[in-house]
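Spelled out from the first residue to the last, the chains are:
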Amino acid sequence: MNVNRTANVRFVVVLCFSLLITLGVAGQPSPTPAPPPDPFALQKAPPLPAGMKGSDATDPRTNLSPGLFDAGEAAFGIKHLQLLRKPDAFQLGLDPEGPKMGTALGALGIGNPSMVPVGMRLLLGGLAFANSDLAFQGSRVFVGNFYGINIYDIADPADAKLLTSMVCPGGQGDVSVFGNLMFMSVEMQNGRLDCGEQGFPAPPPPTNGQGGGLPAASKDRFRGVRIFDISDIRKPKQVAAVQTCRGSHTHTLVADPKDKENVYIYVSGTSFVRQDEELAGCSAGTPDKNPDTALFRIEVIKVPLANPQAAKIVSAPRIFMESRTGEIAGLKSAATHGTGTPTPTDQCHDITAYPELGLAAGACSGNGIILDIKDPANPKRIDAVNDPNYAYWHSAAFSNDGTKVVFTDEWGGGMGARCRANDPNVWGADAVFNLKDNKLRFAGYYKLPAAQADSENCVAHNGSLIPVPGRDLKIQAWYQGGISLMDFTDPAKPVEIAYFDRGPIDDKMLVMGGSWSAYWYNGRIYSSEIARGLDIFELTPTQHLSQNEIDAAKAVHADALNVQTQQRFHWPNSPAVAKAYLDQLERSRALPGAEISAVRAAIDKQDKSKMRKLGKDIGRRYNASFGQDGVRMQALAAILKKPGI
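Definitions and cut-offs
Residues numbered from 1 in each chain as written. Predicted model: local features only at pLDDT ≥ 70, side-chain atom pairs only at ≥ 80, totals over all residues. Heavy atoms only, no water. Helix = DSSP H or I, 4+ residues; strand = E, 2+ residues; numbered from the N terminus. Rg over C-alpha atoms; globule rule 2.2 N^0.38 Å. Buried < 20%, exposed > 50% of the residue type's maximum accessible area, 1.4 Å probe, protein only. Contact = heavy atoms within 4.5 Å. Areas by Shrake-Rupley, 256 points an atom, 1.4 Å probe, with all protein chains shown as cover. Lys, Arg positive; Asp, Glu negative; His and termini not counted. Charge placed at Lys NZ, Arg CZ, Asp CG, Glu CD. Disulfide = S-S within 2.5 Å. Arc of directions from axis to C-beta. Salt bridge = Lys/Arg side-chain N within 4 Å of Asp/Glu carboxyl O. Polar contact = N/O pair within 3.5 Å; in protein donor to acceptor, adjacent residues only side chain to side chain. Pairing = 2+ DSSP bridges. Axes fitted to C-alpha atoms, helices over the stretch in contact; angles between N-to-C directions. Patch = residues over 30% accessible without salt bridge, like charges linked within 9 Å, V, L, I, M, F, W, Y side chains within 5 Å. pLDDT = per-residue confidence, 0-100. Core = buried A, V, L, I, M, F, W, Y, C linked by side-chain atoms within 4.5 Å.

### Examining the overall build of the chain
In terms of helices and strands, the chain carries nine helices and 30 strands. The C-alpha atoms of the chain give 25 Å as radius of gyration, which agrees with the globular expectation for 645 residues (26 Å, within 12%). Principal-axis analysis of the C-alpha atoms places the extent of the chain at approximately 90 × 55 × 50 Å. Within the chain, the proportion of its 645 residues that are buried is 59%. Here the analysis covers contacts within the chain between residues at least 6 apart in sequence; of these, 64% occur between residues at least 24 apart. By element, 52% of the accessible surface of the chain is carried by carbon and sulfur atoms, the whole surface being about 24,600 Å². On the chain, the mean spot of the 65 positive side-chain charges and the mean spot of the 65 negative ones are 5 Å from each other.

Have a look at this one:
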């Protein structure tokens, strides 16, 4: 989510003051009492642009009943195992006049809740307690939140339990873990070095409706990346806090295969630049007026694993620079939706590193980029693309073999309804690119196919790969659009093969909610639900995904998972993996039915001699020239020749 584009603190204050002035409740003359139009009323989508298609309004997910904990549900190929509600300290409720509303709006820098119209309070207040990104280590899942972090024991995914609840406001609380260290992003003005809840005084109100100014400088404010020692999982201890000029909206943990003593943190800051009085060296402005601007860059933090207290920024790469001219603002967006004006790209929202490839994919507001990270402290841009259908490049994921990259477009910033029947199915969608020789080439779009209500914030958001061999599958969050499993094995024709969705939290107004991140981890899907808590799911077989394929995915085990740090999947030479390939070859009719039956019989009888003979024969007859099925048959043949039985 990019709150900064949709409702950052200064925007909120300016907006609220503007409304109050307009409504005449701020002591200003109001000679014309006619009520203004409600800017927070539910908005109908405009007519579809010519030649474009929207979402399917006949889908079973379209008209689910509303509710916070009793909403209607629809699912296909996904079974809901458990919802763990957020701890009480992180609950806002559904009463815009409720006791927690003052705390919530105060965290956003709004000292007086009455400044905010009632119809907007749950939308804004929900942000202060919103669940955000996830990380995993062993039998634990770490759930980030704008108000702190919660840690759960998932040793039994059907009976997960809360281990630790830590209040530490500052948003958006994205989290990653490495060994005994936990990293947390902080970007909002209420973040404090001591994790205190008291925040800071609200910024000065605008003068004559113009500008709200920066919050007063304070030595106690923290915006950057916190580092905790989690040796005692029930008592995380902050051991370092690295300040940055724009704070940390997200971060990416990069481990250098050649350096076992340090890890690196790429910091993506999207918020305002703080003043020099608060953090020396910080200044904003365009490069032509300020070549030292803190815009148009990322920061790289080096963390000595044996001495994390010594973590510090070691570089601030100008990854948007035009290499031939040295122009710092060297990248521009496309003309969004055919009517926008191209703008310079000055920030990355999210970066996904794939250390084994020495590459990273950056989703950087106006562009998707590829970085060479072989020298982790000094990443260098090697390719960039833009797209007129994209409003905001938000996140990225490589396919397991690194030949494709999926970028997401967070059109509307995550706080708007963007999956309505009349919203184009190529806006706020995924874009799949082929990656060859470090060059991106567009292949196809994917968007949640089910139309959502006007009161459901919905757009493409965070997801992860599911390790089904022979296929490229990604489970993905769509806020109140639920979660959707996309098959992008054919990058030109990505399709949905499973989903889970709830009805809107409220059908009369937009309340912040839905899935922020949906990730596969060791056999289950975990979803960070913004308003409700932590959802846990499992896949169930359908005509699009067999039990053998699910079993093969479960055969891949990870000791830890930070999704923005991608690791290659490796499958064992097991019967489950071989049967998964067989199911795919049967589905595509690439192998004769009799041959498939013969291989299955040999596997079931554990007849290694027969398996080796069949493997040699299949390997001899088919190769990669047969396309994706050729790759599957080669992989099947390799297992049959050396069966792990």
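### Here's the deal with the state of the cysteines
Applying the stated rule across the entire model yields four disulfides. Here cysteine 168 connects covalently by a disulfide to cysteine 195, the sulfurs 2.0 Å from one another. Note on the cysteine 168 and cysteine 195 pair: the S-S dihedral is about -60 degrees, so by sign convention the disulfide is left-handed. One end of the pair, cysteine 168, is in the loop between β6 (161-167) and β7 (172-178); the other, cysteine 195, is in the loop between β8 (181-186) and β9 (224-229), with 27 residues separating them in the sequence. For the residue pair cysteine 168 and cysteine 195, the accessibility class agrees, reading buried in each case. Here cysteine 348 engages in a disulfide with cysteine 364; their sulfurs sit 2.0 Å apart. Disulfide cysteine 348-cysteine 364: torsion about the S-S bond near 70 degrees, hence right-handed.

### A word on helix α5 (residues 547-554)
Those residues of α5 not exposed but buried are Glu549, Ile550, Ala552 and Ala553. Each buried residue of α5 lies within a common arc of 160 degrees when the element is viewed along its axis, so the set occupies one face. Against the buried residues of α5 lie β23 (462-466), β27 (515-521), β29 (533-539) and α6 (575-588).

### Quick word on the side chain of lysine 86
Along the chain, the position of lysine 86 falls in the loop between β2 (78-85) and α3 (101-107). Of the buried charged residues, lysine 86 lacks a salt bridge, with glutamate 529 as the closest side chain of opposite charge at 6.9 Å. Reaching out from lysine 86, the side chain makes a polar contact with the backbone oxygen of phenylalanine 129 at a distance of 2.6 Å. Of the polar contacts made by the side chain of lysine 86, one reaches the backbone oxygen of isoleucine 530; its length is 2.9 Å. The residues touching lysine 86, leaving out its near neighbours within four places in the chain, are Gln91, Phe129, Ala130, Asn131, Asn145, Ile530, Ala531, Arg532 and Gly533.

### Side note on the sheet that holds strand β22 (residues 439-446)
Strand order in the open sheet formed by four strands is β19-β20-β21-β22, and the pairing between neighbours is antiparallel. Each end of this open sheet is capped by a strand with a single partner; those strands are β19 (393-398) and β22. Each strand axis lies, on average, 25 degrees off the axis of its neighbour in the sheet, ignoring direction. Where strand β21 (residues 430-436) and β22 come together, seven bridges link them in antiparallel fashion.

### Here's the deal with the pattern of salt bridges
By the definition in use, this model includes 33 salt bridges. Two residues, aspartate 423 and arginine 420, come together in a salt bridge whose shortest N-O distance is 2.9 Å. Per residue, the accessibility class of aspartate 423 equals that of arginine 420, and both read buried. Here the salt bridges do not stand alone but share partners, grouping Arg471, Asp487, Glu549 and Arg587 into one network.

### With respect to a positive patch on the surface
Together, Lys608, Arg612, Lys616, Lys641 and Lys642 make up a positively charged patch on the protein surface. Broken down by element, the positive patch gets its largest block of residues, three residues, from helix α8 (residues 608-621). As for its placement among the helices and strands, lysine 642 is situated in the segment after α9 (627-641).

### Let's talk about the environment of methionine 611
Assignment of secondary structure puts methionine 611 in helix α8. The spatial distance from the C-alpha of methionine 611 to the C-alpha of lysine 641 is 6.6 Å, given a sequence separation of 30 residues. Beyond its immediate chain neighbours, meaning those up to four positions away, methionine 611 contacts Ala602, Ile603, Leu640, Pro643 and Ile645.

### Structural notes on the confidence of the model for the chain
Within the chain, residue pLDDT values average 91, and 93% of them lie at 70 or more. Across residues 6-36 the pLDDT falls below 50, and counting only partners more than four positions away or on other chains, this stretch makes 45 contacts in the model.

### Regarding helix α4 (residues 118-128)
Burial within α4 is extensive, with nine of its eleven residues counted as buried. Among the residues of α4, those classed as buried are Met120, Arg121, Leu122, Leu123, Leu124, Gly125, Gly126, Leu127 and Ala128.

### Here's the deal with the nonpolar core
If you look at the biggest cluster of nonpolar residues, it comprises 36 residues, and the most contacted ones within it are Met1, Leu105, Leu124, Met415 and Met512. When residues of this core are traced back to their parent elements, those giving at least two are α3 and α4. Those residues within four positions of leucine 105 in sequence are excluded, and the remaining contacts are Ile110, Pro113, Val116, Arg121, Leu124 and Gly125. Counting 26 residues, the second-largest nonpolar core is a separate cluster that includes Leu295, Ile319, Leu331 and Ile351.

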